[in-house]
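A closer look at the structure
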Amino acid sequence: MIPLQSETPPQVLLVESNADLAQQIAADLRESGYESAVAASMAIALTQVKATAPALVVVDRMLGGDSGLRLCSQLRAQGNCVPILLMMARDNLEDRIACLEAGADDYFLKPYRADEFLNLVQMYLQPSALGSEQLRFGELTLDLASRTAARNGRTIELTMKEFELLKYLMEHSREVMTREQILENVWGYDFMGESNVIEVYIRYLRLKIDGEDEKRLIQTVRGVGYVLREA
């Protein structure tokens, strides 16, 4: 991988209790042009996130006697929208859904492979050239620079994947997008077999963008996919 050319490289916080693995991943990050910091426990990670505001958090699901899923959930409960990548030992439907429901944006698998990991990191930390552009659908707006949404004067914080999903739907408003199109364009790869990953994120988005007295904007087209349109 070509090292990044940046005066202020993004900082990646690695939450890993295995010292040897943490050292290897941190070295790969530095070699690719990123700043890296390591936290060996959830408590240390929460303190460092608050103190340093990293651009990306990488979490091992197995944190010694703790759980990386619990760390993800706690960060999201605090309103922190930093992108989170979860390192997992298994790749089945239950694990994927647990990862996403905990608030992680994406995951990669053990055994650790540097190229696969660094490509994923680069995808999340590539510089934005979006300026102050906004997308708008009715009273809903999406700021492409700050990655936040607003509806009727209410600011809506989004995780990286929530932002990408809403952006894709707004770019194709009033078009019915199939589940396959959404997976390919938002996640960038296909999940094997049946998965309700999209349903999970659609539910998250609806909870955030639809207020009590506001119309539902993301409509389900049964057996096909989803569409952003007025009910």
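Everything numeric here is computed off the predicted structure, so don't read it as measured data.

**Some remarks on the confidence of the model for the protein chain**
Regions with low pLDDT carry predicted coordinates that are not meant to be interpreted in detail. The predicted model of the protein chain averages 87 in pLDDT, with 91% of residues at 70 or higher. Predicted confidence for residues 1–6 stays below pLDDT 50, and this span has 11 contacts to residues more than four positions away or in other chains.

**A look at unusual backbone geometry**
Comment: phi is negative for the bulk of residues other than glycine, and the bulk of peptide bonds are trans. Residue Pro111 is bonded to the preceding Lys110 through a cis peptide linkage, with omega at 0 degrees. Take Pro111: it is sitting in the loop between strand 7 (106–109) and helix 5 (114–125). A positive phi angle is found at Arg147, which is not glycine, with a value near 60 degrees. Here Arg147 is to be found in the loop between strand 9 (140–143) and strand 10 (148–151). For Arg147, a relative accessible area of 24% corresponds to the partly exposed category.

**With respect to the side chain of Arg151**
Examined against the element boundaries, Arg151 turns out to sit in strand 10. On the accessibility criterion, Arg151 (0% relative accessible area) is buried.

**A closer look at the packing of aromatic side chains**
Taken as a whole, this structure holds 3 aromatic pairs when the rule is applied. Arranged with centres 4.9 Å apart and planes meeting at 50 degrees, the rings of Phe108 and Phe117 form a pair that is tilted. Assigned by exposure class, Phe108 and Phe117 land together as buried. An aromatic cluster is defined as three or more aromatic residues linked by ring pairs; in this entry it consists of Phe108, Tyr112 and Phe117.

**Brief notes about the nonpolar core**
Judged by nonpolar contacts, the single largest core of 56 residues is most densely connected at Leu86, Leu142, Leu166 and Ile182. Not counting the four nearest positions on each side in its chain, Leu86 is found in contact with Val59, Arg61, Gly68, Leu69, Cys72, Cys99, Ala104, Asp106, Tyr107 and Phe108. Judged by nonpolar contacts, the second largest core, of 20 residues, contains Ala22, Ile25, Leu29 and Phe117.

**Notes on the sheet that holds strand 9**
With respect to topology, 4 strands assemble into an open sheet ordered 8-9-10-11, the strand pairing being antiparallel. Taken across any chain shown, the strands that pair with only one partner, and hence form the sheet edges, are strand 8 (134–137) and strand 11 (154–157). Put simply, the sheet's adjacent strands are angled 20 degrees from each other on average, direction ignored. Bridge analysis of strand 9 against strand 10 gives 4 bridges, and the strand direction is antiparallel. Within the sheet, the bridge partner assigned to Thr141 lies in strand 10 and is Ala150. On top of the sheet, helix 6 (residues 160–171) reaches strand 8, strand 9, strand 10 and strand 11; it is set at about 120 degrees to strand 9, its chief contact. Lying over the sheet, helix 8 (residues 197–209) contacts strand 9, strand 10 and strand 11, oriented at roughly 155 degrees with respect to strand 11.

**Side note on the sheet that holds strand 2 (residues 35–39)**
Pairing between sheet strands relies on hydrogen bonds along the backbone, with the strands arranged either parallel or antiparallel. The strand order across the open sheet formed by 5 strands is 2-1-3-6-7, and the pairing between neighbours is parallel. Whereas interior strands pair on both sides, the edge strands pair on one side only; in this sheet they are strand 2 and strand 7. Taken over all neighbouring pairs, the strand axes of this sheet differ in orientation by 20 degrees on average, direction set aside. Across 4 bridges, strand 6 (residues 84–88) lies against strand 7 in parallel orientation. Counterpart to Leu85 in the pairing with strand 7 is Asp106. Strands in contact with helix 4 (residues 93–101) are strand 6 and strand 7; relative to strand 6, the strand with the most contacts, it is inclined by about 150 degrees.

**As for the state of the cysteines**
Across all of its chains, the model carries 0 disulfides by this definition. Here Cys72 stays unpaired: no disulfide links it, and the sulfur of Cys99, its closest cysteine neighbor, is 6.8 Å away.

The rules behind the values
Residues numbered from 1 in each chain as written. Predicted model: local features only at pLDDT ≥ 70, side-chain atom pairs only at ≥ 80, totals over all residues. Heavy atoms only, no water. pLDDT = per-residue confidence, 0-100. Contact = heavy atoms within 4.5 Å. Helix = DSSP H or I, 4+ residues; strand = E, 2+ residues; numbered from the N terminus. Buried < 20%, exposed > 50% of the residue type's maximum accessible area, 1.4 Å probe, protein only. Phe/Tyr/Trp six-rings, centres within 6.5 Å; stacked < 30°, edge-to-face > 60°. Core = buried A, V, L, I, M, F, W, Y, C linked by side-chain atoms within 4.5 Å. Pairing = 2+ DSSP bridges. Axes fitted to C-alpha atoms, helices over the stretch in contact; angles between N-to-C directions. Disulfide = S-S within 2.5 Å.

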